[in-house]
Amino acid sequence: MYPTLSNSSYLNTNRTNPSQPQPVMAAVRCASLECFPENILIDILSYLNVRELVRNSRVCRRWKQLVKDQRLWRCVDLSSWKGVTSRVLWILLRQYLGRGLRYLRLRGLLLSARGGAFLTESWLQGLTSKCPRLHILCLLHTDLRGLHSCSLLPPTLQVLELHYCEVPPTFFTQNPSGSETDRSATKNKVPSSAGQTIGIQTLVLNTVPSFSDQHLRSLGSWPHLSHLELRDLIRVTVAGLKGCVPPGGQSLTHLKHLELETSKRTQMVALGLGEGWPGLEGLSLGGKEVGPGLLSVSRLPDLRSLRLHTCRLAQLMVLRSCRCLTQLRRLEFSEVEFIEEEARQDETDRLKSEDDPVMKFRRVLCELLPRCTVCITHCTLTVNND
């Protein structure tokens, strides 16, 4: 017979005495973060952003020691921290940043009402000495006009990204003179940063209003630059790009990949590729640079990869431009609106019913370039019946 609620003798005999704590529950109550291994605690802390890490370092001595572990400071993103000033940067550099830093992303004070100096030569010197493994530096809304040259940046940098920044006329020059660091180095007879070789391999410039043809020619002194992205640069002209075509005294001899994109103004900088570019293997065209670029791709004998994105294109124009690119190995379309000329009604209905509206276009490209991989993502097809 099963016990019921009225069977008090059964309940009294099977109920645990509350005055005697169970061993398992006692162990759970006594457990704390002190019982976790250091590796697990570091994994938990890795989900916090920089501001939260700094706050948690004030809990106790052990947490302060854990937060300073360099595994938590490999990739540092300060772009979402709006209160970052030069004083905050010095605190982070002195207490937290170290040999583990690989990636650093900063948002400057260019759009801030506070203004003032953000990146100084002395702070960059400290960054160079304390973070010898820094490879990627990304700057947003940063005023770099107080720095005379990018030679002041850590020499270990391989990737430099500038988004909505301002630069001085000599910023991209290999060995400028006249900076405060160089004068103090000459006075104290120590090596200056101006003599360091720029090791940057990838340079991304996005909406840098002061970047001009002069800056573009200065990049010819960078011995390791192989990847260059130019996006919405209003002062770069066709003549400026032509002046960088090798061979030449200020040419980008080692450049392998070039990206050109203009979304607002029609500059047609890609027409500068019409002179040919020996050694250029990858080309990416976006926005209003796609049309002029397609007119020039036939002059690129070493082109292996072509990417077209964020534009409207006539299918016939693509076929005419690509039919002579027999050496092409990868052709990519992303966020492209293809325009097809007038089609029959039955053909239009069939295209609308297909899962891939550009299947026919893809098939024609594969037949035209049999050794090329064609990738089409997030593209649409518009039939022009006018």
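Higher on the page you've got the structure.
Nothing here was measured: the structure is a model prediction, and the numbers come from that model.

Rules of the game
Here the residue index of a chain counts from 1 through its sequence in written order. Local features in this predicted model are restricted to residues of pLDDT 70 or higher, and side-chain atom pairs are both shown and tallied only at a pLDDT of 80 or more, whereas totals for entire chains, interfaces and linings draw on every residue. Working from all heavy atoms in the structure, the side-chain values ignore hydrogens and water. Per-residue accessibility, obtained with a 1.4 Å probe over protein chains only, is compared with the maximum for each type, and a residue is labelled buried under 20%, exposed over 50%, and partly exposed between these values. Strands here are runs of E lasting at least two residues and helices are runs of H or I lasting at least four, both read from the DSSP assignment and numbered beginning at the N terminus. This arc corresponds to the set of directions leading from the helix axis out to the C-beta atoms. We call two residues in contact when some of their heavy atoms are within 4.5 Å. By the convention used here, strands pair only if DSSP detects at least 2 bridges between them. Salt bridges, as used here, are contacts in which a Lys or Arg side-chain nitrogen is within 4 Å of a carboxyl oxygen on Asp or Glu.

An α-helical segment advances 3.6 residues per turn. Residues three or four places apart therefore align on the same side. Along helix α6 (residues 86–95), the positions that sit buried rather than exposed are Val-88, Leu-89, Leu-92 and Leu-93. Each buried residue of α6 sits inside an arc of 135° when the element is viewed along its axis, so together they form one side. Summarising the geometry of α6, the exposed residues directed more than 90 degrees from the buried face are Arg-87 and Arg-94. Looking at the buried positions of α6, the neighbouring elements they touch are α4 (50–56), β2 (103–107) and α7 (121–130).

Before going further, it helps to examine the pairing of strand β4 (residues 159–163). With four of its five residues buried, β4 lies for the most part within the structure. As paired strands, strand β3 (residues 136–140) and β4 are joined by five bridges and run parallel to one another. Considered in β4, the bridge of Leu-140 is made with His-163.

The next subject is the pattern of salt bridges. Pairs can form between side chains of opposite charge once their charged atoms are near each other. Here the structure, examined in full by the defined rule, presents ten salt bridges. Between Arg-145 and Asp-143 there is a salt bridge; the shortest N-O distance is 2.8 Å. Look at Arg-145 and you get partly exposed, because its relative accessible area is 48%. Exposure remark for Asp-143: the relative accessible area of 34% places this residue in the partly exposed category. Residue Arg-231 pairs with Glu-229 through a salt bridge whose shortest N-O separation is 2.2 Å. Overlapping salt bridges bring together Glu-38, Asp-69 and Arg-71 as one network.

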